[in-house]
Amino acid sequence: MMIHPTAIVEEGAKLGKNVSVGPYAFISKDAVIGDNCTIMQGAIIEGKTTIGEGTKVFYNAVVGSIPQDLKYKGEEVELIIGKNNIIREFTLINPGTAGGGGKTVIGDGNLLMGYVHVAHDCKIGNGCILANAATLAGHVELGDYVVIGGMTPIHQFVKIGDYAMIAGASALSQDIPPYCLAEGNRAKLRGLNLTGIRRRLGREVVDELKRAYKELFMSGKPMQEVAQELVKSSNEHVAKMARFVLETKRGIPLPK
């Protein structure tokens, strides 16, 4: 373990093996830092925050400071971050609130670039990339392998499915189904995230998703009726897309 003499680690904080804490960093008494984590110069780990092994928190990031929500009245809340994440400079991540279950949860292997904000009660899956200055409002949910372009705000309570991509400088206020690409202010569906899904799924799956996308969003048929049929598909990815459409609360931003 390497703790710089200018760093402040409050009594009670739990640090794993081979943790590195840089100059002027701060770690609160309720924090739990996993093995092989790096907390760099000026980074702040506040409150009841758990960080999984192998995660790197870069210079001047603020992780676990109280929610930016006027309803927060000092109740005990929590931030849980998984393994092998990269949290870059000046990123801000808030814990949950009582109204959202009290927890913000981030999975494994995510990259949060500089100046990203993850607000209270967000849920982020695994392998996501949030580019510079992407901002998630409260209660936003991202699936696995989601990409959010830089300078893109996401409205509160929005859900974004697995493998979806939101283009940079967009503004998203509705739900984006898995495997889809959205762009614009306000963002609309622009097709499938073909680059993302081709990296991880076979050609047959991609072809079936193309057909499902056309049926759902371009055929002119009632979207809910199409989804009710496609949810029976033997292709799990097609069924997942259809199920998302059936369960959306904020609606799908269809292309004009």
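Here goes a summary of the coordinates provided. Values in this document were obtained by computation on a predicted structure and should not be read as measured data.

**Examining the pattern of salt bridges**
Here's step 1: Applying the stated criterion to the full structure yields eight salt bridges.
Here's step 2: One salt bridge connects Glu183 with Arg190, and the closest N-O pair in it is separated by 3.1 Å.

**Some words on helix H4 (residues 236-247)**
Here's step 1: The end-to-end C-alpha distance of H4, which contains 12 residues, comes to 16 Å, matching closely the 16 Å that a straight helix rising 1.5 Å per residue would cover.
Here's step 2: By the burial criterion, the buried members of H4 are His237, Val238, Ala239, Met241, Ala242, Phe244 and Val245.
Here's step 3: Turning to H4, the residues buried within the fold contact strand E24 (159-160), strand E26 (180-184), strand E27 (187-192), helix H2 (203-217) and helix H3 (223-230).
Here's step 4: Put simply, Asn235 is the residue that caps the front of H4, since its side-chain oxygen is 2.8 Å from the backbone nitrogen of His237.

**Some details on the sheet that holds E26**
Here's step 1: Spatial ordering of the open sheet is given by E1-E4-E7-E10-E13-E16-E19-E22-E25-E26-E27, a layout of 11 strands whose pairing is mixed. Here the strands that pair on one side only, and so sit at the sheet edges, are strand E1 (2-3) and E27.
Here's step 2: Pairing of strand E13 (residues 86-87) with strand E16 (residues 111-112), which is carried by two bridges, proceeds in the parallel orientation. Residue pairing for E16: Ile86 is matched across the bridge by Leu111.
Here's step 3: The strands touched by H2 are E26 and E27; relative to E27, the strand with the most contacts, the crossing angle is about 145 degrees.

**Here's the deal with a positive patch on the surface**
Here's step 1: Side chains of Arg198, Arg203, Lys210 and Lys214 sit close together on the surface and give a patch of like positive charge.
Here's step 2: Of all the elements, H2 adds the most residues to the positive patch, at three residues.
Here's step 3: Examined against the element boundaries, Lys210 turns out to sit in helix H2.

**Structural notes on the sheet that holds strand E14 (residues 92-93)**
Here's step 1: A sheet is described by the order of its strands in space; here eight strands give the open sequence E2-E5-E8-E11-E14-E17-E20-E23, paired in parallel fashion. Two strands close off the open sheet at either side, each with one partner strand: strand E2 (8-9) and strand E23 (153-154).

Analysis parameters
Residues numbered from 1 in each chain as written. Predicted model: local features only at pLDDT ≥ 70, side-chain atom pairs only at ≥ 80, totals over all residues. Heavy atoms only, no water. Salt bridge = Lys/Arg side-chain N within 4 Å of Asp/Glu carboxyl O. Helix = DSSP H or I, 4+ residues; strand = E, 2+ residues; numbered from the N terminus. Expected span 1.5 Å × (residues − 1). Buried < 20%, exposed > 50% of the residue type's maximum accessible area, 1.4 Å probe, protein only. Contact = heavy atoms within 4.5 Å. Polar contact = N/O pair within 3.5 Å; in protein donor to acceptor, adjacent residues only side chain to side chain. Pairing = 2+ DSSP bridges. Axes fitted to C-alpha atoms, helices over the stretch in contact; angles between N-to-C directions. Patch = residues over 30% accessible without salt bridge, like charges linked within 9 Å, V, L, I, M, F, W, Y side chains within 5 Å. Areas by Shrake-Rupley, 256 points an atom, 1.4 Å probe, with all protein chains shown as cover. Lys, Arg positive; Asp, Glu negative; His and termini not counted. Charge placed at Lys NZ, Arg CZ, Asp CG, Glu CD.

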